[in-house]
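Here is how the chains run, residue by residue.
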Amino acid sequence: MSFLLESLILHKTVKKHYLSLAKGAECQVTYIWIDYSGENLQCKTRTLNKEPTGIRDIPEWSASWMDGNLIEVTLVPVRMFRDPFTLDPDKLVLCEVLDSNRVPMATCIYIMEEVREFEPWFGMEQEYILFGLDGRPFGWAPQGSPFTRVNCAVGINQVYGRDICICHYKACLYAGVKICGTNAESLPSQWEFQVGPCEGTEMGDHLWTARYILHRVCEDFGVVASLDVKPIEDKLDTSGCHINFSTKEMRSEGGLQYIEEAIRRLSRRHSQHLRVYDPHGGADNMSRLTSQSSSTSSFHVFSTATSCRNVSVRIPGHVSRRGCGYFEDRRPAANCDPYNVMRTLVETCLLETCEENDDVEAS
């Protein structure tokens, strides 16, 4: 393992020479797409003769997907970013995946077209934990971490990996990702970044790209960023991806009534949401949402409150005082697909798909 770490350091040092080499008008474009599992990302790079001025200048490409069998899919560019790793004029491009019949593998964009008049805004809070290549949480001693759990901590005896967090933040800003904040979480090597506000599918595009950049930054530091919802089995601490949601009506004067109506709708479809709020049909959230900590709710019971964090959906205190704003759904898991979360949220809150009864108790 020590030999591997030394090799990583050497590799990154040597790389600086090659990145400094001059080139002509050519542009390297890295295509990024979500794999069949809906959890992981893949990428590959091609050369264009000149810098693209927009997404239409980037051609489609083919790739292979493994769904038990090796199948060919088409990558359709949907969102372009600056490349923070090889720098201008190179680009990152997030792609939609089409099957062999050119049918999109995701349907979120069609739902968002239906609710465009509501002007839905989203913000998501991505938690993750850093691991070393030895499989232990980054910076932890073999016997574990002796430190007290505290959010937003400062000090080498409280947090590990701040350099990684800062570099990821700067790389996202360079790329054009709508990252809006970051903080240390309750475990010493656990962090969070926030993306938004974004309208419609833009939220998913920016969050997935921020995840890609996180994994690439961690490659340079020789660590692993895990989105596992229960990263350490013997700890209560979990990782989520809370989503903040609002519409034009919710953000306007008197909007609190629309927020409360949306939450009532959510309370009637609790189990349906949990089935799509992680990529394993709710199994991940069943281990995460145990209501045993001060920041998670119960998997089995829907709950809501103002200025309270151990509930399914919360209304922030300042929103209650102003009478308008947004609400926070705290149930999505860290490894969720944001497109699925957004689609289900707007279907329940804005479209006529709300069922009066649910098989999970609400309170």
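- Going by what an unreviewed UniProt entry lists, the chain is known as Glutamine synthetase and is assigned to Dicentrarchus labrax.
- Its UniProt record, at the heading Subcellular location (unreviewed entry), says of the chain: "Cytoplasm".
- Under Sequence similarities (unreviewed entry), UniProt gives the following word-for-word description of the chain: "Belongs to the glutamine synthetase family."

## What to know about unusual backbone geometry
Reasoning step 1: Here D88 and P89 are connected by a cis peptide whose omega angle stands at 10 degrees.
Reasoning step 2: Structurally, P89 can be placed in the loop between β4 (70-82) and β5 (91-98).
Reasoning step 3: With an omega dihedral of 0 degrees, the bond running from G196 to P197 counts as a cis peptide bond.
Reasoning step 4: When you line up the elements, P197 lands in strand β8 (residues 190-199).
Reasoning step 5: A positive phi angle is found at S307, which is not glycine, with a value near 55 degrees.

## Description of the confidence of the model for the chain
Reasoning step 1: On average, residues of the chain score 90 in pLDDT, and 91% of them reach the 70 mark or higher.
Reasoning step 2: Between residues 354-363, whose pLDDT stays under 50, and residues either more than four places distant or in other chains, the model counts 31 contacts.

## Comments concerning the pairing of strand β7 (residues 179-184)
Reasoning step 1: Two strands pair when backbone bridges link them, and β7 and β8 are joined in this way by five bridges, in the antiparallel orientation. By the bridge assignment, N183 is partnered in β8 with E192.
Reasoning step 2: Count of turn residues in the β7/β8 antiparallel hairpin: five residues.

## Describing the nonpolar core
Taken as a class, soluble globular proteins show a tendency for nonpolar side chains to be buried jointly.
Reasoning step 1: Within the largest apolar cluster, 65 residues are counted, with the highest numbers of intra-cluster contacts made by F122, Y128, I213, F245, F327 and L345.
Reasoning step 2: In terms of residue count, helix α4 (residues 202-221) provides more of this core than any other element does, nine residues in total.
Reasoning step 3: Excluding residues within four positions of it along the chain, Y128 makes contact with C165, S189, Q190, W191, E192, F193, L214, A225, S226, L227 and S239.
Reasoning step 4: Formed by 13 residues, the second largest nonpolar core is a distinct cluster that contains C27, Y31, W65 and C95.

## Quick look at α4
Reasoning step 1: An ideal rise of 1.5 Å per residue puts 28 Å on 20 residues; α4 measures up with 29 Å between its terminal C-alpha atoms.
Reasoning step 2: Burial runs high along α4: 15 of the 20 residues are buried.
Reasoning step 3: Residue G222 follows α4 closely and has a positive phi angle near 70 degrees.

## A look at the packing of helix α6 (residues 256-267) against helix α10 (residues 338-350)
Reasoning step 1: Contact geometry of α6 with α10 gives a least axis separation of 8 Å together with a crossing angle of 110 degrees. It follows from the interaxial angle that α6 and α10 lie roughly perpendicular. You can see that α6 and α10 cross each other, and the crossing is right-handed. Where α6 approaches α10, its residues A262, R265 and L266 are matched on the opposing element by L345, T348 and C349.

Conventions and cut-offs
Residues numbered from 1 in each chain as written. Predicted model: local features only at pLDDT ≥ 70, side-chain atom pairs only at ≥ 80, totals over all residues. Heavy atoms only, no water. UniProt positions renumbered as here; feature names shortened; annotations may be inferred. Helix = DSSP H or I, 4+ residues; strand = E, 2+ residues; numbered from the N terminus. pLDDT = per-residue confidence, 0-100. Contact = heavy atoms within 4.5 Å. Pairing = 2+ DSSP bridges. Core = buried A, V, L, I, M, F, W, Y, C linked by side-chain atoms within 4.5 Å. Buried < 20%, exposed > 50% of the residue type's maximum accessible area, 1.4 Å probe, protein only. Expected span 1.5 Å × (residues − 1). Axes fitted to C-alpha atoms, helices over the stretch in contact; angles between N-to-C directions. Parallel < 35°, antiparallel > 145°, perpendicular 65-115°, else oblique. Left-handed = near helix turned anticlockwise from the far one by under 90°.

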